[in-house]
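Understanding the architecture of this molecule
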Amino acid sequence: MKIKRALKLSLMAVSMMVIPVLMGNNSNLNYNVMDKSRVKSESLKVNLGNICFYIFSDGYLTIDKPQSTFAPNTPSADFKTEMQNAHLSENTIDLAINVMMIKTQENTILIDAGLGRHFGDKQGWLVNNIENAGISRDSITDILITHAHRDHIGGLISNEEAMIFPNAKYHIAKEEYDFWMSENPDFSKSKLSIEQRKVTIEFTKKILNRIKENVVLFHPGDTLFSVIQTELAAGHTPGHTIFTITSEGKSVKNIVDIFHAPLLISNPEWGIVFDIDFEQGIRDRKQILEDCYVNKQLVMSSHLPWPGLGYIDKRDKYYWNPIYYYTPLEINL
Ligand SMILES: [Zn+2]
């Protein structure tokens with residue numbers, strides 16, 4: 001009923017927008033009739049060879065006082081200058097939460113599940129967006145968990161701990177699963193405070209324990225579902241899995257959490273406190289930047305500005321070059 005109502009309201013909104021335009025008078029547009037869930041809706045279908053993938057928004061994260069997160073060892077004057085050059089406030093950075101879903105002939109594979117509704121309404125838009133695209137959450141057969149940070153696994157369960165995707169198997173790297181499920185996950189190379197570590201470990205353990213009966217372990221390097229070639233980028237978390245999907249000679253590399261903002265592409269040495277091995281994270285970032293640049297590789301990212309698709313290019317520094325696309329809902333690569 002809810003979906004039908006949303007569709008009906010959307011159609012009403014569209015028809016109310018179209019009629020005044022056809023009449024040559026758009027001064028009476030009433031945007032208030034739009035369903036709120038549509039206002040927050042963001043989804044994009046991408047056709048790649050003979051498969052397709054979707055990108056859905058789960059919302060966004062706001063990081064206040066961002067220097068302590070993005071550049072803890074950098075002189076503040078340098079940080080300030082970079083922020084000004086990027087036309088950003090030095091007080092806050094917003095991070096997108098872009099979630100990929102891959103459809104093959106046999107499987108519907110969600111890549112992570114966003115943060116869910118556990119921390120307010122800036123996140124947790126994923127299910128609405130999947131259903132608005134005409135896909136039932138019951139039809140998702142598999143979820144590839146790239147790593148077990150809250151903004152990637154929170155959306156697997158509701159605030160009441162119900163399973164959001166009841167028919168899915170959960171694929172996660174053995175290295176990642178073992179790290180979080182161990183008695184004392186090793187954060188000795190991290191810059192997170194003791195309190196932040198504690199909260200992170202508790203939340204992750206809660207979710208992994210809830211789904212553990214349907215977990216399937218793999219090793220980075222494995223090919224999953226014939227089209228997903230996985231790789232390990234262990235600085236962010238010990239089993240942080242990035243991957244490339246390929247079909248008919250075309251490919252996209254999902255670099256997941258290698259860059260949380262374009263600023264880290266231009267300044268990979270800044271580092272980010274979310275990396276469990278801070279120095280390894282910097283080395284991973286530099287290596288992946290160079291590989292993507294040299295190979296002119298189309299890249300998808302979990303946190304770069306919506307929809308997180310683009311290229312790494314270079315002048316005196318590397319920079320993010322988002323792809324141009326001209327249709328709001330569907331593109332062909
Ligand atoms: Zn993340």
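Owing to the predicted nature of the structure, the values given are computational and were not obtained by experimental measurement.

1. Overview of the overall build of the protein
Within the protein, the regular secondary structure consists of 10 helices and 15 strands. Counting every position in the protein, which comprises 333 residues, the buried fraction comes to 38%.

2. Observations concerning the nonpolar core
Ranked by size, the top nonpolar core spans 73 residues in total, and within it Val99, Met101, Leu110 and Ile143 carry the most contacts. With 7 residues, strand β3 (residues 92–103) is the single largest residue contributor to this core. When sequence neighbours within four positions are dropped, the list of residues in contact with Ile143 reads Leu110, Ala113, Phe165, Ala168, Tyr170 and His171.

3. Here's the deal with the sheet that holds strand β12 (residues 299–300)
An order of β8-β9-β10-β11-β12-β13-β14 is seen for the 7 strands of this open sheet, with the pairing classed as mixed. Across the chains shown, the open sheet's two edge strands, defined by having one partner strand only, are β8 (223–224) and β14 (318–322). Examined bridge by bridge, strand β10 (residues 241–247) and strand β11 (residues 250–254) share 5 bridges and lie antiparallel to one another. Each residue of the ladder has a partner; that of Thr244, found in β11, is Lys253. Packed on one face of the sheet, helix α10 (residues 278–294) meets β11, β12, β13 (309–314) and β14 and runs near 95° to β13.

4. Describing α10
Over its 17 residues, α10 extends 25 Å from the first C-alpha to the last, a length consistent with the 24 Å expected when each residue adds 1.5 Å. Directly beyond the C-terminal end of α10, a positive phi value near 45° is found at Lys296.

5. Quick word on unusual backbone geometry
Trans peptide bonds make up the majority, and among non-glycine residues the majority have a negative phi. Cis peptide bonds are those with omega within 30 degrees of zero, and the linkage from Trp306 to Pro307 qualifies with 0°. For Pro307, the position within the fold is in the loop between β12 and β13. The backbone of Phe225 shows a phi angle near 55°, a positive value even though the residue is not glycine. Summarising the element assignment, Phe225 is placed in the loop between β8 and β9 (228–232).

6. Points about the pairing of β13
Two strands pair when backbone bridges link them, and β12 and β13 are joined in this way by 2 bridges, in the antiparallel orientation. Bridge assignment links Met300 to a residue of β13, and that residue is Leu309. As defined by bridge partners, β13 adjoins β14 across 5 bridges and the pair is classed as antiparallel. Residue pairing across strands places Lys314 opposite Tyr318, the latter belonging to β14. Linking two consecutive strands that pair antiparallel, namely β13 and β14, is a turn of 3 residues.

7. Describing the confidence of the model for the protein
Interpreting fine coordinate detail is not advised for predicted regions of low pLDDT. Residue-level pLDDT values for the protein average 88, and 88% of them are 70 or greater. When the criterion is pLDDT under 50, residues 1–39 qualifies, and its contacts beyond four places in sequence or with other chains add up to 22 contacts.

8. A closer look at the environment of Glu106
Considering the arrangement of structural elements, one finds Glu106 in the loop between β3 and β4 (108–111). For Glu106, a count of 10 C-beta atoms within 10 Å gives the class exposed. Separated by 119 residues in sequence, Glu106 and Phe225 place their C-alpha atoms 8.7 Å apart.

About the criteria used
Residues numbered from 1 in each chain as written. Predicted model: local features only at pLDDT ≥ 70, side-chain atom pairs only at ≥ 80, totals over all residues. Helix = DSSP H or I, 4+ residues; strand = E, 2+ residues; numbered from the N terminus. Buried ≥ 20, exposed ≤ 12 C-beta atoms within 10 Å, placed from the backbone. Core = buried A, V, L, I, M, F, W, Y, C linked by C-beta atoms within 7 Å. Contact = placed C-beta atoms within 7 Å. Pairing = 2+ DSSP bridges. Axes fitted to C-alpha atoms, helices over the stretch in contact; angles between N-to-C directions. Expected span 1.5 Å × (residues − 1). pLDDT = per-residue confidence, 0-100.

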